[in-house]
Amino acid sequence: METGTVPRVDTHPYFEVDEARSREFERVWGAARGILGYLREINNIPIATRYIFASFAFFLVGGSFALLMRTQLAVPQSDFLDPRTYNQLFTMHGTTMMFLFVIPFIEAVANYFLPLMLGTRDLPFPRMTTLALWTYIWGGLFIFTSFLFGEAPEAGWFAYVPLSNREFSPGLGMDFWDIGLSVAEIAAMGAGAELLIAVLRMRAPGQALHRLPIFAWAMIVFAFMIIFAFTPLIVGTLMLELDRKALTSFFVPENGGDPLLWQHLFWFFGHPEVYIMFIPALGMVSQIVPVFTRRPLVGYPLVVMAMIAIGFVSFGLWVHHMFATGLSPTALGFFAAASLLIAIPSGVQIFAWIATIWTGRPVWRTPLLFVVGFILIFVMGGVTGTMVGSVPFDLQVHDSFFVVAHFHYVLIGGVVFPFYAMLYYWMPKVTGRLLSERLGKWQFWLMFVSFNVAFFPMHILGLLGMPRRIYTYEAGLGWETLNLVSTVGAWVFGLSASLIAVNLLWSLKRGKPAGANPWNAGTLEWWEPSPPPNAQFKFIPFVRSRDPLWDQTTLGPLPEEEHEERLIEPLRSAPTRWRGALIVSALDARPIAIVQMPRSTIWPFVMSVGFVTTFAGLLVENLWILGPGLAVIGISIIGWFWPDKDQDAAIEEIGTDPGPGKLPLAIAGPISNGWWAMLVFLLVMATALATFIASYFYLGDGPGWPPVAPPARSATLATFVAVAVAATTYIFARGVRRKTLRARRIGLIATAALALAFLVPAYGAWTELGLRARDSAYASAVVTILGFEWLMAIVLLVLVAGSIAWAFGKPKDPRGDGLALLAELQGYFMTGSWAVVFVVLYLLPRLW
Amino acid sequence: MVTGARRSADDPERRGGESARPDERRVGAATLLFSFLGPPVLWAIHFNLVYFLNTLFCSGGWGGGDVVVMLTALPFGAASAASGIIAYRNWRELREGRSLRVGLVETGGRSSVLLVMGVAASVLFTLLIVLESFAPIYVPPCAEVGP
């Protein structure tokens, strides 16, 4: 390939190196050593590498389950697998691919490459990335250990009620699924929140929104979708688990519950989930196509808007999985319209790629082949998607193999092929070695052909009436040949998909050194060496284009950027006593602060062990396991947040006050990443509350619903307390902002007392009901909503308790201000959420 | 690679400070927000509203739900279309006011790009709002229970 515009060794004076300072900088960012160091490591490069390999291992396991299923279906009346094992395999195949492969793999890739693309040194919360990694691994293994006990889940990856309730799924299988999944999902949400904050706040100066790499845009959409889609799933699995433990009756019809509620909650997650997987893949494709066609992407704004539009519309499609459940025809019409029109933004992107290839000078290397394969297969999946988006057609092929064919064309074509394109494109950056082109091309053609051999016949099988999720079938139905062909294709596909491992091993041994930018790409990740060091971006680059390595002659500052250059001088091959990175404004990427990043620590690993122990205790309902698990979590929270010397050094070196030509240290308030993380947390909590309330309304008027409004004495008292919490929150936050210690201390103590007091009437509101949660769906909904408010008060208590410790221990320390301003957000949220709950549970029934 | 097709952003003849500090006028944050996110947010509200109204009318056994659903197209469709018109007008003004240097490396600054996205969003989501509102023309509003 040709060489880019920015020379490999940038001679701009900005990049002149002070060797001693440079060595110190590398030492500060260096990897932790030894076995304990392996567990303490938090830097994005090694953590993301582990993430990538762990998720790929799950992919191979999930894929092998598919091969076993296809072997069973190769011939009629096969006894290769018994029905129960078959059910377990299809449940775990879907669960593994959806929850343990695709989402973690995307997050792993983003963890690795986003900081490199954005020109930043790490993700905003490296400890959380590490916690997410370990929690995900434990969560995945947790689900798989169910096989060891002969208790693997077998109600499908969708876990429809009543099939998944205690009556039809006795034993621990579904509990493994419920709890393990929740662990993995919480990890995914944490990672999603981190990626969102990374893109919005940690970029190179000048990388304004219109210069963001498309993959970064994709990750913004991805992260928002995760927050809004995964939360209802977690709420749903909580409800299901409570029902299974006979504590509630959300899905028990005889108590006023409704099994269809589960389908709504599941598919409100499940359909956006498809696009959650798909949108990052689109982002990857939009990164790869310009590089191999030697021109910028056609229609950048339209491609970005298409991704955002897909993100929105994907939340209006969930009922198309429920067309056959008896909803009103007009309601089906709303969802059918959205299902069909989502083809427009998808089509916009397809045409943008085709136009880019058409008007460029394509270089047919393996990544581009996989992209073209993706376009062809995905378009076919899209065409069948519009077919099943139409209600009459869907009713004909519902639950048939046609649907299996459709979604595999979408998911393998739309997600797995871009993943392979991405692996061939970015793996040289990870390993520093080029993969074999010849083997890559062989792999592409084998995968492309065998994929169509495996899955195309399923369309016909579906139209011939073969239902999905059957473990065998009778001979003479005309399905034999197509099933056999499909199985042969599946085996070839499975083996050819594994060739990447062979290629990787070959490349590690014999691959040519990749150099920093083997493809002559234009984005920043190709500026750093391959593989990138832990100490990345010793010099923060200045961005003036979407493709800086193509369009700029230097990544150093121009004369008119002298002000920015002066601002970020403390980050020039520095700091050398602690890890520092740049915070920029979200829209224009103007430097606004410096952030101190944590060093290696064991606490994320310890906390993940606490999580898995706690969940194991919940699974077997054993306090001797649950208790130590909770204790480990508690200890690791204290260890995690314990002030360290690096923070002291950063405060001393940078200070928290901005001055002329000087950036402050980001510790407290909207300038800090922690404040933004708190906002995301509250967004998640608001979504959870909205899900509970939507479920309450959905279940309304069923049997067991009270004929009159519930007693409101305790709830009214709780309302007064909640309003008082808002007032005292205002007082202490004002004290923090105006540096008035007295107001701060009084406000905090009063808030703590009120939050504690709130628990009493909130509990009283439950006892006044005179119902156990399991007595009716109504009681289940009310009690869980009240429980949610309890949780909010406890979170506030914890934050305020920490703030009080700072206010009395080290009142001038900015870290105390930071914590208090987080408590402020939580205080207002608690009051606001209780107000909503009061209106919904107590006022509306009186007005209706 | 692309150097033949496009001049470097740092090329003094071309640059003139443009790429580091785009000289295009900035559009106000509220206008940008309405143009950029208005249509999808309007659609999301409308979608939930029509679903709620349909369920309400059907469960209450009241007539006229189809007309109410169709009427929702007016305010929401108009607002979504208006955001597109505002975005287009602002974008056109930016384009007219821009110096000739702009657009060689980047087709516009932040405002331009977000406004183009806004126009596209307006077209798509207005269409969606109208199509969904008129679903009752083609199908009965409530499920019919068979004998």
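Residues numbered from 1 in each chain as written. Chains lettered and ligands numbered in written order. Predicted model: local features only at pLDDT ≥ 70, side-chain atom pairs only at ≥ 80, totals over all residues. Heavy atoms only, no water.

Caption draft 1: Inspection of the overall build of chain B at higher detail. Secondary structure summary: chain B contains 6 helices and 0 strands in total. Across chain B, helices and strands are ordered from the amino to the carboxyl terminus as α-α-α-α-α-α. Within chain B, buried positions represent 45% of all 147 residues. Counting only carbon and sulfur atoms, one obtains 66% of the accessible surface of chain B, whose full area is about 7,300 Å². (Helix = DSSP H or I, 4+ residues; strand = E, 2+ residues; numbered from the N terminus. Buried < 20%, exposed > 50% of the residue type's maximum accessible area, 1.4 Å probe, protein only. Areas by Shrake-Rupley, 256 points an atom, 1.4 Å probe, with all protein chains shown as cover.)

Caption draft 2: Representation of unusual backbone geometry within the structure. Residue and element names in this part refer to chain A. The omega torsion across Ser530 and Pro531 is -10°, close enough to zero to call that bond cis. Position of Pro531 relative to the elements: it lies in the loop between helix H17 (499–510) and helix H18 (548–551). With an omega dihedral of -5°, the bond running from Ala574 to Pro575 counts as a cis peptide bond. As for its placement among the helices and strands, Pro575 is situated in the loop between helix H19 (562–567) and strand E1 (579–584). Even without glycine at this site, Asn520 takes up a positive phi of about 55°.

Caption draft 3: Summary view of the domain arrangement of chain A. All names here are of chain A. The assigned domain composition of chain A is domain 1 (40–510), domain 2 (600–643) and domain 3 (688–847). Taking the mean C-alpha position of each, domain 1 and domain 3 sit 37 Å from one another. On the domain 3 side, the residues contacting the 19 residues of domain 1 number 15 residues. When the two sides are added together, the surface that domain 1 and domain 3 hide from each other amounts to roughly 1,400 Å², 69% of it contributed by carbon and sulfur. One can count 0 salt bridges joining domain 1 with domain 3. Inspection of the domain 1/domain 3 interface yields 6 residue pairs in polar contact (both at pLDDT 80 or more). Elements represented by at least two residues in the side of domain 1 that touches domain 3 include exactly helix H7 (214–244) and helix H8 (259–293). In terms of residues, the side of domain 1 that touches domain 3 owes the most to one element, H7, which gives 6 residues. The class makeup of the residues in the side of domain 1 that touches domain 3 is 11 nonpolar, 7 polar and 1 charged. (Domains from an automatic or database assignment. Contact = heavy atoms within 4.5 Å. Buried area = accessible area lost by both parts, 1.4 Å probe. Salt bridge = Lys/Arg side-chain N within 4 Å of Asp/Glu carboxyl O. Polar contact = N/O pair within 3.5 Å; in protein donor to acceptor, adjacent residues only side chain to side chain. Nonpolar A, V, L, I, M, F, W, Y, C, P; charged D, E, K, R; others polar.)

Caption draft 4: Quick peek at the packing of helix H25 (residues 741–769) of chain A against helix H27 (residues 814–847) of chain A. Residues and elements named next belong to chain A. Between H25 and H27, the least distance of the axes is 12 Å, while the angle of their chain directions is 30°. With respect to H27, the element H25 is oriented roughly parallel. Crossing geometry of H25 relative to H27 is assigned as left-handed. Across the interface between the two elements, Arg744, Phe758 and Ala765 of H25 pack against Gly816, Asp817, Met830, Trp834 and Tyr842 of H27. Classifying every residue of the contact of H25 with H27 by side-chain character gives 5 nonpolar, 1 polar and 2 charged. (Axes fitted to C-alpha atoms, helices over the stretch in contact; angles between N-to-C directions. Parallel < 35°, antiparallel > 145°, perpendicular 65-115°, else oblique. Left-handed = near helix turned anticlockwise from the far one by under 90°.)

Caption draft 5: Seen up close, the confidence of the model for chain B. Summary statistics for chain B give a mean pLDDT of 76 and a share of 71% for residues scoring 70 or more. Between residues 1–19 of chain B, whose pLDDT stays under 50, and residues either more than four places distant or in other chains, the model counts 51 contacts. (pLDDT = per-residue confidence, 0-100.)

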